[in-house]
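Descriptive analysis of the structure
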Amino acid sequence: MSYDVAIIGAGPAGASAALFTAKAGKKTLVIDSDQSITKRAWVENHYGVAEITGPDLVEIGKKQAAKFGAELVQGKVVTVAKEGEGFRLETENGSYEAKHVVLATGLNAELAQQIGVNTKPGTEPRIKTVVDATPEGKTNVPGIWAAGTAAGVSVHTIITAGDGVKVAINLISELNGERYVDHDVLKA
């Protein structure tokens, strides 16, 4: 089975990206190794949320993505290789195919480096290496995108979540061939 988008990581960046790609009707896979630093956080600086534990924020985010049809699997991606029109992602438990890949791997840039995605020094305290991505989220490898802390944005959940959405909208727009907008409206 082939996916339109495979997102590696289900923290705020990855799950937010998945929510948007799945809601836009793109066949979305999220592969998560359960290593999100958000799982160690206490959050009371996230707009619209009075206070929440990091583990609860991550679980709600995954449920939101799943509600719109994203498929979530537990596992660690060991390699990503170009194959046909897209990529093959190998995990310890199996392999998956996707047209596009989003790296939302948080603090971990090892996979990016291993698969030939350019990295650069991080600017955040204690984050040594990040993916070298354009403001749109594109990397030097066409079809591989990066979002969130992995892409060098601030580690705050509100910022990484927003960056995941920004990258998702740009990816959806590219797949659709026109600018994608997703606005929900209050029902009367």
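Residues numbered from 1 in each chain as written. Predicted model: local features only at pLDDT ≥ 70, side-chain atom pairs only at ≥ 80, totals over all residues. Heavy atoms only, no water.

1. Remarks on the packing of helix α1 (residues 12-23) against helix α4 (residues 157-176)
Remark: α1 packs on α4, axes separated minimally by 7 Å, with the N-to-C direction vectors making an angle of 35 degrees. Handedness of the α1/α4 crossing: right-handed. Every residue of α4 that contacts α1 at Pro12, Ala13, Ser16, Ala17, Phe20 and Thr21 is listed here: Thr157, Thr160, Ala161, Gly164, Val165, Ala168, Ile169 and Ile172. Per-class residue counts for the contact of α1 with α4 are nine nonpolar, five polar and no charged. (Axes fitted to C-alpha atoms, helices over the stretch in contact; angles between N-to-C directions. Helix = DSSP H or I, 4+ residues; strand = E, 2+ residues; numbered from the N terminus. Left-handed = near helix turned anticlockwise from the far one by under 90°. Contact = heavy atoms within 4.5 Å. Nonpolar A, V, L, I, M, F, W, Y, C, P; charged D, E, K, R; others polar.)

2. Looking at the UniProt feature "domain: FAD/NAD(P)-binding" (unreviewed entry) in the chain
Taking the UniProt record as the reference, the feature "domain: FAD/NAD(P)-binding" (unreviewed entry) is found at residues 3-117. Within the segment residues 3-117, helix and strand shares are 27% and 36% respectively, and the terminal C-alpha atoms sit 21 Å apart. (UniProt positions renumbered as here; feature names shortened; annotations may be inferred.)

3. Things to note about the nonpolar core
Counting residues in hydrophobic clusters, the biggest one holds 24 residues, and the most contacted among them are Ile8, Val80, Leu89, Val101, Leu103, Val117 and Ile144. For this core, the elements supplying multiple residues, two or more each, are β1 (2-8), β2 (28-32), β6 (77-83), β7 (86-91), β8 (95-103), α3 (110-114) and β11 (144-146). Broken down by element, this core gets its largest block of residues, four residues, from β8. Residues within four places of isoleucine 144 in sequence aside, it is in contact with Val80, Phe87, Val101, Leu103, Ile115, Val117, Gly137, Lys138 and Thr139. In this structure, Ala10, Ala22, Val30 and Ala65 belong to the second largest nonpolar core, which totals 23 residues. (Core = buried A, V, L, I, M, F, W, Y, C linked by side-chain atoms within 4.5 Å. Buried < 20%, exposed > 50% of the residue type's maximum accessible area, 1.4 Å probe, protein only.)

4. Regarding the pattern of salt bridges
Applying the stated criterion across every chain, the model contains 11 salt bridges. Close ionic contact of aspartate 4 with lysine 99 constitutes a salt bridge, the shortest N to O distance being 2.9 Å. Residue aspartate 4 is found in strand β1, and its partner lysine 99 is found in strand β8; the two are separated by 95 residues along the sequence. Residue aspartate 4 is classed as buried on the basis of its relative accessible area of 15%. By relative accessible area, which is 40% here, lysine 99 ends up partly exposed. In this structure, arginine 88 and glutamate 97 form a salt bridge, with 2.7 Å as the shortest nitrogen-oxygen distance. Judged by relative accessible area, glutamate 97 falls into the partly exposed class, the value being 30%. One salt-bridge network, held together by shared partners, links Lys23, Asp182 and Asp184. (Salt bridge = Lys/Arg side-chain N within 4 Å of Asp/Glu carboxyl O.)

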